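Chain residues, written in single-letter form:
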Amino acid sequence: MSPSQLPLLLLLLLLHPFPPFLVNAAEKLPFPPSVLSIPHLKLIEYNGRDFELQCELGIATITQPVTYRWFYSHTVDGTGKELPAGATELHVVAGPKLTVSAQADWQFWDDLTGYYWCMAENVHGKSTSNLCWVHKTTGSKSLNRDTPEFSVASGQSVRLQFAHTPVTEESVPLDVSFEVIKESDTVINSEKNELVPGRRFNGGRWVIARNNDIYVLEAQGEDNGLHVQQRFTEFSAYDDFMTQEASIIVTEDPFAGDLTGFFTEDFLTKYLFVRNRKHSWFSCIPKKHTLVSFRKDGEPLEVPYEKDKYMTRADYHLFFERPRDSDSGRYQCVIDEHPDQTVTYDVKVIGEPTIVCDFQMMIIRPPGEPLRMSCDVTSPLMDLDSPDVFVDDEPIVVDGTANYTLSSSSTRITDGYKVVVESRAVREEDTCVVRIHAHAPRLSKQEVISRSFRGVPAEQVFFDDYLILEYESKQEVSIAVFVMPVEILGGGGEFNVLMGSQNYRLVMYVVGSPIPTIEWRQDDTPIPSDHPDFTQEVKYSAMYRLYIKNVERSANYTITGTNFENGQPIKASRTASVIAHQPIVFGYDGDDRDAQLSQYAIISEDKTIECRAKQREGVNTGELVISWYRGDNVMNEPRENGHFVDEQNGHFIQFSRLRLPVTETEETVTCQVKLVVAGTTLQTEQFEYTVLGGPKPRTPQDLQLDESGQQLSWRSWRSMMPDKWMADVVEHAVTHLGEREPSDEQWTVLGQVLGGSTSVKLQETDVQVTLAELAKQEGYELEPGADHWFRAYSRSLHGDSDFSNQVEGVRTPDAPPSQQVTNLQIHPVPNSGLINVTWDRYPESAYNAYDPSKCCIKLRVTIAGEEDMIEFDCLDRGSTGKVVGRPDTPAYTLHWANVLFENQGGQTEATFQEGYNRIAAPPTPLLDQDMIDVTPTSITVNVPAMGDSDLAGPFGYYEVVVRDEEGNEVGRATSRERGQAPDTVPLTVDGLDPFSEYEVQLVVANDQYSSGSDPLPVSTPSTQPAAVPEPVFVHVYPDGVVFKWEPVTEVNGRFENYELRFPADVVSPALNQTGSAPAAAATGAGEAAAAGGGGRTVSGYTDETVFNATELLFPRPSSAAEGPFSVDVICHNSDFSSQPTSTNVDLEMPPDVLPEEPGVADVQCVEGELRMSASWSHEQWGKFAEWHSLLVVMRRPPPANTTSGLGEGGEGRRVCEATGLLDPQTCSVPLESAAAAAEGEPTEYEVFLVASNQFGSTQSSQSVPCNITYIPPITEMQEEGDRGAGWWWLPYLLLLMLLLLLLLLVLLLVVYYANNRSHQYRVARNEAKYRPSDVQFLPLKDDTHCFAEFVPDALPPVAPSSVRPGLVDVDNDSFVQFGDDDDIEGYGEDGSFIGAYVNDYTI
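This is a predicted model, so every value here is computed, not measured.

## Focus: the pairing of strand β34 (residues 432–439)
For β34, the buried fraction is high: 7 of the 8 residues fall into the buried class. Across 8 bridges, β34 lies against strand β36 (residues 472–481) in antiparallel orientation. Residue pairing in the sheet places His437 in a bridge with Lys474 of β36.

Next comes the structure, spelled out in structure tokens:
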């Protein structure tokens, strides 16, 4: 069974054998015997006469009962006989154990030599173990040889070589162990093959090497003596061993030879280790006793000295615990002091054939599912036979006649075979155990070595165990075919664990077929498979593990398995509660550092030993049990046990106070604390105390301070026994001005003088010590400026004495203050030139003064540009600021301040700071033309760099704003780069128009304010105009040429004219014959013409107005060249000329040619005004035409008495006839209607555009219709007749209604005046009449709240009234209901009126 399977087996064995739910599961699950591991035989005892074998089998609790059978054979083919159960003459078979006895005279030994194996089986299957070869080795009780004697010089390293029995294939020990003895009984090493620190002999200079000899490094005189080596087999009693002896003599002569490097001539450098065997190792012995490190394949190898799972080292050995394939490699031993001194070993790990499968020990399948398993069987060393496959210990059958659907196949792969076992659809009958069995012929030692290290002689290779090398391997898998809803068989409940435990494991057993899907949850929160705090694992298709990497708190962990039955999901869940308990620590309550208790317990008259343990944060989830031990025995002395919760930090404290009698002896007692939860001990800690007994020491006497105040003296009692620890301790207290004697809390230990009193052999002694010597012990300095008090007591291992007399206060002088003033800052005072200097309050603990009232703060302030300093020699010690400076200091002026603290003992170093006063608006910046650079499309202002003082504050930004003539902003440029004087910062505004007027303003700003300059007018210069837009229209007619073009919108300067440039061979009276063109316009085609010496410009048309019209007409020129020619049109401003725009001109035309048909004119008929308007453009001109006109034809003949003035019946008449092509080409034509035309009937016209020249006219083929309806004019008599007919009475009705409204308005005004004219109310008259003569006015109403009119009863009313005296008109007073029974109604008690205001007059 592998080590990884042992925890599971232990967990299963903890369960009650076959509890009810497991019995049910066992009935459902057909587990064979090897559900956990296949049977493995182990040789338990072998001493040449008897040996014992045991069939190791990991059996799950849910497995059905297992029986064992034993077999024996002389040959390896396994066809042996079964050994009967019970006891025979040679064998005792007892379940999984077989005992074999060869008896004393070896008479039956030949019958016992051979192969043994066992078989485990139950109702579900059987499993067979490996073969175990039993072979007796030879040995001798002693070797009759001479004892060798080795003589070495002092300091020489030597090998003590023994004559060993040669190892052969016929006689080889199974394993060896050593015991080396010097002279009689001094054991060098009795642990098999291991030398560890702490068990070295002679400082580690004696080493047992891998060649079984002893090496003595740098021999010394103490190494003389006799040395015995014992060698015996691993499994034998001590009567089967070999013994050899050797002695060493160390001379006094020093060794003068070489001690560099290693012993190499005595060692083999090739090692073969058998896989999984124990204690394979090699040695590398240096010639000098020094430190050695190891490397593997060139990399440093960190190996612990302590025993490790895989690899351990000693000073000069490297041990392999159960070597693995990965341990193969090249190893180096390196001397640390000389890394170039090395020795190299090649190690190869070999073993049985390796079987690597894609399955675990158990496979569960429902019927009908496919199954495929494969294993790679390899061995780089041995020639393997084709692996065998067994089903329930029977060879697998592939012809279909067996009870299984399983079949197998094997194919060759590198160094071995691939074996495949599969089934297309498993059945319940396929429940079985499948075993893959790999085997190879046994090899001799020579064959093993030659195959491992090719070309290396066998005598150069160390092979530690070749004879028992396993030549066969097995791998088993249990196949269970059934259908079962998911069921959780075990693993829930509560688990108590210590908080902080690492990789705590929860195990749940979830079984079902098909295999269920699993989900883990922590307190209802799903745990994903890649969660960093957990690791999930599944083994054997049913055991699911959850590893908690660090237990931080209590939690519930639930596993849920899900599979399906009849298509319906089936779920099963179980929860494990992990209860985390705080670990226990030793320490005192309130101490979070967990300080250990003192290892000494002082026992005196009133002392006890106290042991305290705690759980943090009051988590008392278990019981803390404290026990006392003296050695291994429980102590019964009186004690006091208890517990409490520390209020400061919530720790639960468990304590035990043990009282021991006073004694002069010394002893050790142990306090043991257990954390017990639910009857289980989770943690055990213990702490040892050294108990010292004795009475309290005596009290020091006559403590006094000398006149200098620097030395203390007293009388003490010193011990005459130097091994007794004791001391006189001096305590010290401090008081200040106004304080009385110190309290107990103020006393602290100043220092101590060793040699104080104890209980045995006392001697009175005078002790003197300076205060400086005492204070130095604790790193303490006497506080200056304070009263100091002293007292003393004696301390020993048995306790403390009473305090001596007390020395009254001795005052120390003031010392300079101990720290500088901190956090000095300068703040500006708003709207003033002053500054506010602030600092942190100076701590009183740093005064170092007896009288703080004599401490001062000194402040000095310097203003930039001024020589005089502002000083304050003594500000209040508690002050934290001062407003200083001069009100008229310019804004943002640099100030320097320094402050210090002073007492009578000195002063601190000054703390310095600088800062500025208030920030103001910057002065108006200067902007002139010298600062400005202008381009046609941009304005750049070069701003001189300004300092903070120039800006009256910290720099903010520079900004340039550009506006057009109307004041609209057209651009802005900002810079937050200050620049360095005398440099300038350029700010450019782009995107401006050439030849335009702008206003430029410069703005400068600090971090709060900004100022701008006055606007400065700036003009952008002209630049080249844009080219004349294409196309240029050219019209040629018999006597002239017309050019027309769109105006240039971007003249970019003051406009001058347009220029037409002709080739030199064009001749016309209208052309300038100078043969030159303006230089500014001589670009493009014009430039080429000028270069040819014949450039021509238009003459007589230089007037600006003519060229502004963007059209030109002049007589038709002639050209010496045939065909069309190019003409350039150029625009000129006052400084530049545009690029030429070219157009082609063709002067050729037939003689006496008529104009070509023109286009259609744009006509609009204005019917209300009886006219027609028409227009046309050059795009509608007829080719070769000289002028154009309109032809208007009335198509509908008018009445005979109408004269229209137009051609009728289709002849028409020309109107709007233009005399030239440049005349206005729009006109308005009046249409006089025919007098005889029928009223309301339309008159139809057609309008044609006519093109004409000197040879004739051509009208457009299409016309524009114009229809106008004739409406005769209305006469004056007809208008009067219309007014007299119909609604003639309506105006009179409206007038009557207006008069009625006016009368109603007058009546309302009269009523309003009569009701609102001014008069005296009766209330006012009554108040005036009945007011007492000595009262100037009636008082205000008080809080009586009487609402009734006041009329005295004795006086009748003066005038009649419609309202009776004392009554109030209820309809007019809403407050009358709140009146009371007072005699005076209507007035308050103060005489003020509170009644209703009722008018005496009615309407």
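There's plenty left to go through after this.
## A closer look at the sheet that holds strand β71 (residues 932–935)
Strand order in this open sheet of 3 strands is β71-β72-β75, and the pairing throughout is antiparallel. Whereas interior strands pair on both sides, the edge strands pair on one side only; in this sheet they are β71 and β75 (984–989). In this sheet, neighbouring strand axes are inclined to one another by 15° on average, regardless of whether the strands run parallel or antiparallel. Summarising the sheet, β71 and strand β72 (residues 938–944) pair through 4 bridges and their orientation is antiparallel. Within the sheet, the bridge partner assigned to Val934 lies in β72 and is Ile939.

## Quick word on helix α4 (residues 445–452)
Every α-helical turn comprises 3.6 residues, leaving residues that sit three or four positions apart pointing alike. For α4, the set of buried residues is Val448, Ile449 and Ser452. The buried residues of α4 occupy an angular sector of 95° when projected down its axis, which confines them to one face. Each element contacted by the buried residues of α4 is listed here: β19 (270–274), β26 (338–350) and β35 (461–463).

## Regarding the state of the cysteines
Applying the stated criterion to the full structure yields 6 disulfides. The disulfide that involves Cys1165 links it to Cys1266, with 1.5 Å between the sulfurs. Taken together, the residues span a long stretch of sequence, with Cys1165 in strand β89 (residues 1162–1166) and Cys1266 in strand β97 (residues 1264–1269) at a distance of 101 residues. Assessed through its relative accessible area of 30%, Cys1165 is described here as partly exposed. Shown here is the disulfide that connects Cys1216 with Cys1227, its sulfur atoms set 1.7 Å apart. Since a negative S-S torsion denotes a left-handed disulfide, the Cys1216-Cys1227 link at about 100° is right-handed. With Cys1216 in the loop between β93 (1213–1215) and β94 (1226–1230) and Cys1227 in strand β94, this pair connects stretches of sequence that are 11 residues apart. A relative accessible area of 21% places Cys1216 in the partly exposed class.

## Things to note about the packing of aromatic side chains
Applying the stated criterion to the full structure yields 26 aromatic pairs. Where Phe71 meets Trp117, the ring centres are 5.7 Å apart and the plane angle is 10°; that geometry is what we call stacked. In this pair, Phe71 sits in strand β3 (residues 67–73) while Trp117 sits in strand β8 (residues 114–122), placing the two residues 46 residues apart along the sequence. There is no split in this pair, since Phe71 and Trp117 are both buried. Consider the rings of Tyr271 and Phe462, whose centres lie 5.5 Å apart with planes at 50°: the pair is tilted. Here Tyr271 is found in strand β19, whereas its partner Phe462 is found in strand β35, with 191 residues between them in sequence. With relative accessibility at 2%, the residue Tyr271 sits in the buried group. Taken together, Tyr271, Phe273, Phe282, Phe320, Tyr331, Tyr345 and Phe462 form an aromatic cluster joined through their ring pairs. Above the face of the Tyr310 ring, Arg324 is positioned so that its terminal group lies 3.7 Å from the ring centre. The ring of Tyr417 has Arg412 sitting right over it, with the charged end atom 4.5 Å from the ring centre.

## Re the confidence of the model for the protein chain
Summarising the model, the protein chain shows a mean pLDDT of 76, and 71% of its residues fall at 70 or more. Across residues 1340–1387 the pLDDT falls below 50, and counting only partners more than four positions away or on other chains, this stretch makes 78 contacts in the model.

## Remarks on the side chain of Thr893
Inspection of the secondary structure assignment puts Thr893 in the loop between β67 (881–884) and β68 (894–903). Among the residues examined, Thr893 registers a relative accessible area of 11% and is labelled buried. Polar side-chain contacts of Thr893 include one of 2.6 Å to the backbone oxygen of Pro890. Contact partners of Thr893, with chain neighbours within four places excluded, come to Ile863, Ala864, Gly915, Tyr916 and Asn917.

## Details of the pattern of salt bridges
Any two side chains of opposite charge can pair, so long as their charged atoms come close to each other. Considering all chains together, one arrives at 29 salt bridges under this definition. Two residues, Glu959 and Arg972, come together in a salt bridge whose shortest N-O distance is 2.7 Å. Placement of Glu959 in strand β73 (residues 955–964) and of Arg972 in strand β74 (residues 969–975) is noted, with a sequence separation of 13 residues between them. Because the salt bridges share partners, they merge into one network encompassing Glu610, Arg612, Glu640 and Arg657.

## Topic: the nonpolar core
Residues Met373 and Val434 are the most contacted members of the largest nonpolar core, which totals 38 residues. For this core, the elements supplying multiple residues, two or more each, are β19, β29 (371–378), β30 (388–391), β33 (416–423), β34, α4, β35 and β36. If we ignore the near neighbours within four places in the chain, the residues touching Val434 are Met373, Val389, Phe390, Val391, Leu406, Val421, Gln475, Glu476, Val477 and Ile479. Within the second largest apolar cluster, 26 residues are counted, among which are Tyr215, Cys284, Val292 and Phe320.

## Things to note about the sheet that holds β26
Spatially, the 6 strands line up as an open sheet ordered β22-β21-β25-β26-β19-β35, and their pairing is mixed. Sheet topology places β22 (299–301) and β35 at the edges, where each strand pairs with a single neighbour. Direction aside, the axes of adjacent strands within the sheet are offset by 30° on average. With 5 bridges joining them, β19 and β26 adopt parallel strand pairing. Within the sheet, the bridge partner assigned to Val274 lies in β26 and is Ile350.

## A look at the environment of Tyr842
Looking at where Tyr842 falls in the secondary structure, it is placed in the loop between β64 (835–838) and β65 (856–863). Accessibility expressed as a relative area gives 2% for Tyr842, which makes it buried. In this structure, the C-alpha to C-alpha distance between Tyr842 and Gly878, residues 36 residues apart in sequence, is 6.7 Å. Apart from residues lying up to four places away in sequence, Tyr842 is in contact with Pro817, Ser818, Gln819, Gln820, Val821, Tyr847, Arg877, Phe901 and Thr908.

Rules behind the numbers
- Residues numbered from 1 in each chain as written.
- Predicted model: local features only at pLDDT ≥ 70, side-chain atom pairs only at ≥ 80, totals over all residues.
- Heavy atoms only, no water.
- Buried < 20%, exposed > 50% of the residue type's maximum accessible area, 1.4 Å probe, protein only.
- Helix = DSSP H or I, 4+ residues; strand = E, 2+ residues; numbered from the N terminus.
- Pairing = 2+ DSSP bridges.
- Axes fitted to C-alpha atoms, helices over the stretch in contact; angles between N-to-C directions.
- Arc of directions from axis to C-beta.
- Contact = heavy atoms within 4.5 Å.
- Disulfide = S-S within 2.5 Å.
- Phe/Tyr/Trp six-rings, centres within 6.5 Å; stacked < 30°, edge-to-face > 60°.
- Lys NZ or Arg CZ within 6 Å of the ring centre and 35° of its normal.
- pLDDT = per-residue confidence, 0-100.
- Polar contact = N/O pair within 3.5 Å; in protein donor to acceptor, adjacent residues only side chain to side chain.
- Salt bridge = Lys/Arg side-chain N within 4 Å of Asp/Glu carboxyl O.
- Core = buried A, V, L, I, M, F, W, Y, C linked by side-chain atoms within 4.5 Å.

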